[in-house]
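# Commentary on secondary and tertiary structure
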Amino acid sequence: MTHPSRETWLWLIHRGSAVAMLPFVAGHLILMMLTVRSGLSAADILGRTQGSVSLVAYYGFFVLFVSVHAALGLRTELAEKLGWRGNRLDLAAATMGLLLLATGGRAVWAVYSVSA
Amino acid sequence: MGRLQRFGLIGAPSAQLVAQRAARLQRHSGLALAVFLPLHFWLLAQSLKGSGALDYALAWTRPAPVRLAEVVLVSALAFHVAGGIRLMLIEFFACHEFQKNLFVISCGFATAAGLLFALNDF
Amino acid sequence: MLDVAVWRGTTEGSFEHFDVPRSDSQTVLDVVTYIQRHLDTTLAYRFSCRVGVCGSCAMKVNGVARWTCRTHVSSVAGDGHLEIAPLDHLPRLRDLVCDMTPFFEKWTRAGGAFVPFEPPETTVKRGFAAIDPLSQKRLEAEAGIECIGCGVCYSECDTVGRLPEYLGPAALNRAWTLTNDERDGRGASRLRAVAGDAGCHSCHTQMSCSERCPKRLTPAASIAGLKRASALAALRGKL
Ligand code: SF4
Ligand code: SF4
Ligand code: FES
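So, here's what we can say about the structure. In this convention, every chain numbers its residues from 1, walking through the sequence in written order. Working convention: letters from A go to chains and numbers from 1 go to ligands, in the order in which they are written. pLDDT decides what is reported in this predicted model: residues at 70 or higher carry local features, side-chain atom pairs at 80 or more are listed and counted, and totals for whole chains, interfaces and linings draw on all residues regardless. Only hydrogens and water are set aside; all other atoms, that is, all heavy atoms of the structure, feed into the side-chain values.

### Side note on the overall build of chain B
Test applied: Here a helix means four or more residues in a row that DSSP labels H or I, a strand means two or more in a row labelled E, and each is numbered from the N terminus. Residue exposure (1.4 Å probe, protein chains only): buried if accessible area is under 20% of the type maximum, exposed if over 50%, otherwise partly exposed. We call two residues in contact when some of their heavy atoms are within 4.5 Å. Surface exposure here means Shrake-Rupley accessible area, sampled with a 1.4 Å probe, where a residue is shielded only by the protein chains that are shown.
Looking only at helices and strands, chain B features 5 helices and 0 strands. Ordering the α and β elements of chain B from the N terminus gives α-α-α-α-α. Looking at chain B residue by residue over its 122 residues, the buried ones come to 51%. Within chain B, counting contacts between residues at least 6 apart in sequence, those at least 24 apart form 70% of the total. When the accessible surface of chain B is summed, it comes to about 6000 Å², and 76% of that surface belongs to carbon and sulfur atoms.

Written as structure tokens, this is what we have:
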């Protein structure tokens, strides 16, 4: 048993990111129900997102929260399933979080910057 | 009769089975979403190569099995959110009764979201 | 007649079948005792009080951990079959007997011992602590205090299975009652003891423990309390 303060903070951040994401997920669920209706095309997607600062902010925060949340969830899974501990565990979780953040950020940038 | 069963909508199946099932579903839905996310991001990032590339990538998501997987993922997302709210109700507000009802509601919400998505998609 | 399958051996072993006559108000412990007295005197099992106080008789009955002295055969063996095995997640010593050492070691690690906040002499001079029975803290402690240490929750907890060092519901429940004991002086150091990487934050809050506790305690709620208390301490920079 080690790092009570670290574990406690990570627990708080995991739950905090979950709460923070609630409105984003709700919005995402509604939006995808509406958009999938008309069939998905690049023109549809990019037409909505391209150059829209509010959408880029929305998805930017969404990506940030989901990266943190998923990395911490995967950290638990690695600890329980593979028995990883200590620095190796935290490095793995941080790597996954950063990867998600990078790929997610790139996707947001892509739909923001490219015109249909 | 267990405490959860007394407050449960369904009488018969052991509430513990529900607990284990809920734990497993929460974990597996989360895992599925985490694995799916990079794919999702990769697909959208295709537009960096132009909208034609995005259309090309989007075409890969149109066969029925892929659409079905999307429906499952939508349900997984809805379940993960509803189940997560249920957990945080216990953790932050010490609300530990009605858990079985809340589990049933999470499942219902997940199914509804999946169906709604499927109806719109297919 | 009841058809009873009883675990024989240690980790290696198999179920042995016995025919045991039914009787009125028969408990699962009565069934095991009958086998040991009349059919096979080498059967090892553990019990003491027979009235649900000592917590020594817990076994897995038809796949579910229960206190056998207070479990009626009629409530678990409607079809006349019983399968009796030792608790899960604990080393098996022989037949139905587990080694409870890891279980109680975790109580110690979780700060399960009462540590008075002042030396006993001072308390004697000052007189007994006056605790308001309706105070929030006393009510929280009350909710978890009746644990008999039977290990049912520990056996039923999936997380103990997945994370063997996990302190488990009973030890954490004990720590929570002490956290709420106004006479206890361990304070933040107990929170540090329970909040590490196999402590309260590892609990998935799915309540198998609360569902199965024969004393109707809710260890999952106690653990949620520890999560909140340690999070508050962390936010205040006191963890
Ligand atoms: S609620 Fe926590 S302690 Fe209780 S059975 Fe589940 S994981 Fe174990
Ligand atoms: S909390 Fe309940 S199930 Fe767990 S050891 Fe105590 S009495 Fe037994
Ligand atoms: S024998 Fe004491 S609790 Fe069952």
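### Notes on the site of ligand 1
All names here are of chain C. In plain terms, the rule: Here, proximity means that at least one heavy atom of the residue falls within 4 Å of the molecule or strand. Residues are grouped as follows: Ala, Val, Leu, Ile, Met, Phe, Trp, Tyr, Cys and Pro are nonpolar; Asp, Glu, Lys and Arg are charged; every other residue, Gly included, is polar.
Residues in contact with ligand 1 amount to 13 residues; listed here are only the nearest, Cys157, Thr159, Cys203, Met207 and Cys209. Of all the elements in the fold, those that place two or more residues in the shell around ligand 1 are α10 (208-212) and α11 (219-235). For the shell around ligand 1, the class distribution of residues is 8 nonpolar, 5 polar and no charged.

### Focus: the side chain of B:Gln46
You can see B:Gln46 is positioned in the loop between α2 (15-45) and α3 (51-59). Among residues more than four places away in sequence, those in contact with B:Gln46 are B:Ala53, B:Leu54 and B:Ala57.

### Focus: helix α8 (residues 169-179) of chain C
Because each turn of an α-helix spans 3.6 residues, side chains separated by three or four positions in sequence point in the same direction. Within α8(C), 9 of the 11 residues are buried, which leaves the element mostly enclosed by the surrounding structure. Residues C:Pro169, C:Ala170, C:Ala171, C:Leu172, C:Asn173, C:Ala175, C:Trp176, C:Thr177 and C:Leu178 constitute the buried set of α8(C).

### As for the site of ligand 2
Residue and element names in this part refer to chain C. Quick reminder of the rule: The rule is simple: put a 1 Å grid over the protein atoms alone, call a set of points where a 1.4 Å probe fits but cannot get out a cavity, call an open set with protein on both sides within 12 Å along at least five of seven lines a pocket, and count a residue as lining if it has an atom within 4 Å of a point. Assignment to a cavity or pocket requires that more than half of a molecule's atoms be within 2 Å of the site's grid points.
Around ligand 2, the surrounding shell consists of Cys147, Ile148, Gly149, Cys150, Gly151, Val152, Cys153, Ala170, Cys213, Pro214, Lys215 and Pro219. Assessed atom by atom at 2 Å from the grid points, ligand 2 resides in the largest cavity. Per-class residue counts for the shell around ligand 2 are 9 nonpolar, 2 polar and 1 charged.

### Some thoughts on the nonpolar core
Using the following cut-off: In these notes, a set of buried Ala, Val, Leu, Ile, Met, Phe, Trp, Tyr and Cys residues joined through side-chain atoms within 4.5 Å is what counts as a nonpolar core.
Counting 65 residues, the largest nonpolar core has C:Val4 and C:Leu82 as the members making the most contacts within it. Among the elements that line this core, the one with the most residues is α11(C), at 6 residues. Apart from the residues within four sequence positions on either side, C:Leu82 is in contact with C:Leu2, C:Asp3, C:Val4, C:Ala5, C:Val31, C:Val61, C:Asn62, C:Val73, C:Val76 and C:Ala77. B:Phe41, B:Ala57, B:Leu58 and B:Leu77 belong to the second-largest nonpolar core, a separate cluster that totals 44 residues.

### A few points about the packing of helix α1 (residues 4-37) of chain A against helix α5 (residues 99-121) of chain B
We count it as follows: With axes taken as lines fitted to C-alpha atoms, and helix axes fitted only over the stretch in contact, angles between N-to-C directions fall between 0 and 180 degrees. Here the word oblique covers every angle except those under 35 degrees (roughly parallel), over 145 (roughly antiparallel) and from 65 to 115 (roughly perpendicular). In this scheme the crossing of two helices becomes right-handed for a clockwise turn of the near helix relative to the far one and left-handed for an anticlockwise turn of less than a right angle.
Between α1(A) and α5(B), the least distance of the axes is 7 Å, while the angle of their chain directions is 25 degrees. It follows from the interaxial angle that α1(A) and α5(B) lie roughly parallel. Helix-helix and strand crossings are classified by hand; for α1(A) and α5(B) the assignment is left-handed. Here A:Leu29, A:Met32, A:Met33, A:Val36 and A:Arg37 of α1(A) come into contact with α5(B), specifically with B:Phe109, B:Ala113, B:Leu116, B:Phe117, B:Asn120 and B:Asp121. Classifying every residue of the contact of α1(A) with α5(B) gives 8 nonpolar, 1 polar and 2 charged.

### Observations concerning unusual backbone geometry
In this structure, C:Arg50 is a non-glycine residue whose phi angle is positive, near 65 degrees. Examined against the element boundaries, C:Arg50 turns out to sit in the loop between α1 (28-39) and β3 (58-61).

### Notes on the sheet that holds β3(C)
Residue and element names in this part refer to chain C. Quick reminder of the rule: Strands are labelled as partners when DSSP assigns at least two bridges between them.
Here we have 5 strands laid out as an open sheet, ordered β2-β1-β5-β3-β4, and mixed in their pairing. The open sheet has two edge strands with one neighbour each: β2 (13-20) and β4 (64-67). Recorded for the sheet is a direction-independent mean angle of 35 degrees between the axes of neighbouring strands. In this sheet, β4 lies alongside β3 in antiparallel orientation, the contact comprising 4 bridges. By the bridge assignment, Val61 is partnered in β4 with Val64.

### Some thoughts on the packing of aromatic side chains
What counts here: Between the rings of Phe, Tyr and Trp (Trp by its six-membered ring), a pair exists once the centres lie within 6.5 Å; its type follows the angle of the planes, with under 30 degrees stacked, over 60 edge-to-face, and the other angles tilted. As a reminder, the over-ring test applies to NZ of lysine and CZ of arginine, requiring each to be within 6 Å of the ring centre and within 35 degrees of the ring normal.
Inspection of the entire model under this criterion finds 15 aromatic pairs over all chains. Each ring, one from A:Tyr58 and one from A:Phe62, has its centre 6.2 Å from the other, and the planes form 70 degrees; the classification is edge-to-face. Of the two residues, A:Tyr58 and A:Phe62 both sit in helix α3 (residues 53-81), 4 residues apart, roughly one turn of that helix. Between C:Tyr45 and C:Phe47, the aromatic rings sit 5.5 Å apart at their centres with planes inclined by 15 degrees, giving stacked as the arrangement. Taken together, the aromatic side chains of A:Phe24, A:Tyr58, A:Tyr59, A:Phe61, A:Phe62 and A:Phe65 make up a single cluster linked through ring pairs. Above the plane of the ring of A:Trp84 lies A:Arg88, whose end atom (NZ or CZ) is 4.4 Å from the centre.

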